[in-house]
Number of protein chains: 2
Amino acid sequence: MAEHMPGWFTEIFQDQGTGFSLAIDAKVHEENSQYQHIEIYQTKTFGKLMVLDGCVMLTDRDNFLYHEMMTHPALFTHKAPRDVAIIGGGDCGTLKEVLKHPDIRKVTQIELDERVTRVAEEHFPDLCSSNDDSRAELLFADGIKWISDASPNSLDLIIVDSTDPVGPAEGLFAVDFYRNCHLALREGGLLVQQTESPLLHADTIIKNVHADMRKAGFKTSRTLPFPQPVYPTGWWSCTMASKNDNVTFFREADAAERSFRTRYYNEDIHRAALAVPEFMKAALK
Amino acid sequence: MAEHMPGWFTEIFQDQGTGFSLAIDAKVHEENSQYQHIEIYQTKTFGKLMVLDGCVMLTDRDNFLYHEMMTHPALFTHKAPRDVAIIGGGDCGTLKEVLKHPDIRKVTQIELDERVTRVAEEHFPDLCSSNDDSRAELLFADGIKWISDASPNSLDLIIVDSTDPVGPAEGLFAVDFYRNCHLALREGGLLVQQTESPLLHADTIIKNVHADMRKAGFKTSRTLPFPQPVYPTGWWSCTMASKNDNVTFFREADAAERSFRTRYYNEDIHRAALAVPEFMKAALK
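Note that this is a predicted model, so its numbers are computed, not measured.

Criteria and cut-off values
- Residues numbered from 1 in each chain as written.
- Chains lettered and ligands numbered in written order.
- Predicted model: local features only at pLDDT ≥ 70, side-chain atom pairs only at ≥ 80, totals over all residues.
- Heavy atoms only, no water.
- Least-squares fit on C-alpha atoms with pLDDT ≥ 70 in both.
- Contact = heavy atoms within 4.5 Å.
- Buried area = accessible area lost by both parts, 1.4 Å probe.
- Salt bridge = Lys/Arg side-chain N within 4 Å of Asp/Glu carboxyl O.
- Polar contact = N/O pair within 3.5 Å; in protein donor to acceptor, adjacent residues only side chain to side chain.
- Helix = DSSP H or I, 4+ residues; strand = E, 2+ residues; numbered from the N terminus.
- Nonpolar A, V, L, I, M, F, W, Y, C, P; charged D, E, K, R; others polar.
- Pairing = 2+ DSSP bridges.
- Domains from an automatic or database assignment.
- Buried < 20%, exposed > 50% of the residue type's maximum accessible area, 1.4 Å probe, protein only.

Turning next to the relation of the copies chain B and chain A. Note on the copies: chain B fits chain A at an RMSD of 0.0 Å, the axial shift is 0.0 Å, and the rotation between them is 180°. In short, the pair behaves as if placed about a two-fold rotation axis. A share of 100% of the interface residues of chain B reappears at the interface of chain A, consistent with the copies meeting face to face through the same patch.

A few words on the interface of chain B and chain A. If you look at the interface, chain B gives 42 residues, while chain A gives 42 residues. Summing both sides of the interface, chain B and chain A together bury roughly 3,100 Å²; the carbon and sulfur share of this comes to 65%. Taken as a group, Met-5, Trp-8 and Glu-278 of chain B account for 15% of the area that chain B buries against chain A, more than any other trio of residues on that side. At the junction of chain B with chain A, the criterion picks out 2 salt bridges. In this assembly, chain B and chain A are joined by 16 residue pairs in polar contact (both at pLDDT 80 or more). For the side of chain B that touches chain A, the secondary structure elements donating two or more residues are strand S1 (8-13), strand S2 (18-32), helix H1 (63-69), helix H7 (198-215), helix H9 (267-273) and helix H10 (278-284) of chain B. At 6 residues, S2 of chain B tops the list of elements feeding residues into the side of chain B that touches chain A. Each residue belonging to the side of chain B that touches chain A can be placed in one class, and the counts come to 22 nonpolar, 13 polar and 7 charged. In this sheet, S2 of chain B lies alongside strand S2 (residues 18-32) of chain A in antiparallel orientation, the contact comprising 5 bridges. Its bridge partner being in S2 of chain B, Phe-20 of chain A is matched across the sheet by Phe-20 of chain B.

On to the domain arrangement of chain A. Residue and element names in this part refer to chain A. Split into domains, chain A comes out as domain 1 (2-59) and domain 2 (63-281). Domain 1 and domain 2 are separated by 24 Å when their C-alpha centres are compared. Taken together, the 21 residues of domain 1 in the interface contact 19 residues of domain 2. Between domain 1 and domain 2, roughly 1,800 Å² of surface is buried when both sides are summed, and carbon and sulfur atoms account for 69% of that area.

Residue and element names in this part refer to chain A. The final tally for this structure, using the stated rule, is 46 salt bridges over all chains. In this structure, Glu-31 engages Arg-115 in a salt bridge whose closest nitrogen and oxygen atoms are separated by 2.8 Å. In this pair, Glu-31 is assigned in strand S2 and Arg-115 in helix H4 (residues 114-123), connecting sequence segments 84 residues apart. Since its relative accessible area comes to 15%, Glu-31 is described here as buried.

Right, dumping it as structure tokens:
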């Protein structure tokens, strides 16, 4: 879809009636992997841009918002997280944020498409800078199957860092998958998933995710919105569910005294993300 | 700039290297007023769209975010607001939100371009539905001059609902203007101004606004971010300053028990908007 305006990459969201464009200097990589069309652009103002099947995945400039919010709220909500699984997350930005927590023992990342990670290693070296951490294991396999095969009570946190709920990612937005997550989690375990735009999807995808997580046995769930300029509406969300506990409580003192740097997340931002806008209260009622 | 893609209105932010597009059915109005080029489009999914000099001003679908956040946080921060001035605000959405507060005695709106309001009355009747309220006075004049002529200690709240700080609006982002606001405000008075995107302007416009408000005598100030899909990055802000008090305290119980409906704002969202992201702490240090 880059041909709309010369010198620009444009993603058209036909159903939403909106489009988003980034000024580009050059396309620096392109390939068809076994699973999808992968493109990397050098943009004029957002650093490098990764595009999968025509959809903007991330840029250098603003991915910190997404990656910090997919990880730190869940990690500071769990009482003592040790073992983490990331489903998807091939660009490795989520992995990098998880590994900032010193008490993490093991992170297993299960990405379907190895080429996404290999391309990220070349073009987004900062995001991949923790891939060699001894606590990290990178698998290239079907995350849905991996979770269904996981030992019961073996994980503290499952992070679903996927593409939109169409195609291969569709099975990640489903009660069967959530049931297997619930089984794989220990007592106090958490599931967190990217859940699209609050403005576009509150009464569809987000509402269904909550219903399906509860059906699967999760006791509480909450959607946390955050800004994300390169995604539709510029406002995105993750939804967090707990096997046993209230997801609106977190280790505030630990978050405030965290031993690592962040660019968006802090204890106030965490608390803020738990606020529910009026229209979402209505949509999720 | 509507010619980029047939069937779409596209706004290009050349300096930012980004663009935003809305699918349109038709252009339903166009005129050159004394001050600017005014266009109204019927979009496919965002209702009607107002464009001034090629810049997206608002749409039916998402203006509630901006208008609620430009008004209710300030009105619930002030201890007992009675007299309000709106500088700009020609679409009347801000006026409508202010008038939801039953204790407001008088709202004076000073918009430079009467045609913006007349066009809004025709194409955004919902936003203009309180224009006939006996507490509202609509003036079409230079807001900078109006504030400089205002009686000292005559206002409780000044809302600067302007376009970007270029052209006619430039003088609204200036210490001289803030000094006149400070003079016109009573003890406990508040100034709130739209201050662009936190992601793009934290260390430029927003930082300067804080410095200039303090120079003008305001005791405290805080920038409150909020989502706004049709503006650059999809994330916008207002900056609130107080003549005497701490702007991080507000009438939480009154906000929770408000007598009117909102779609985004509530007491939790107000508290959330006071959280400062890490990168903004660094930019505003």
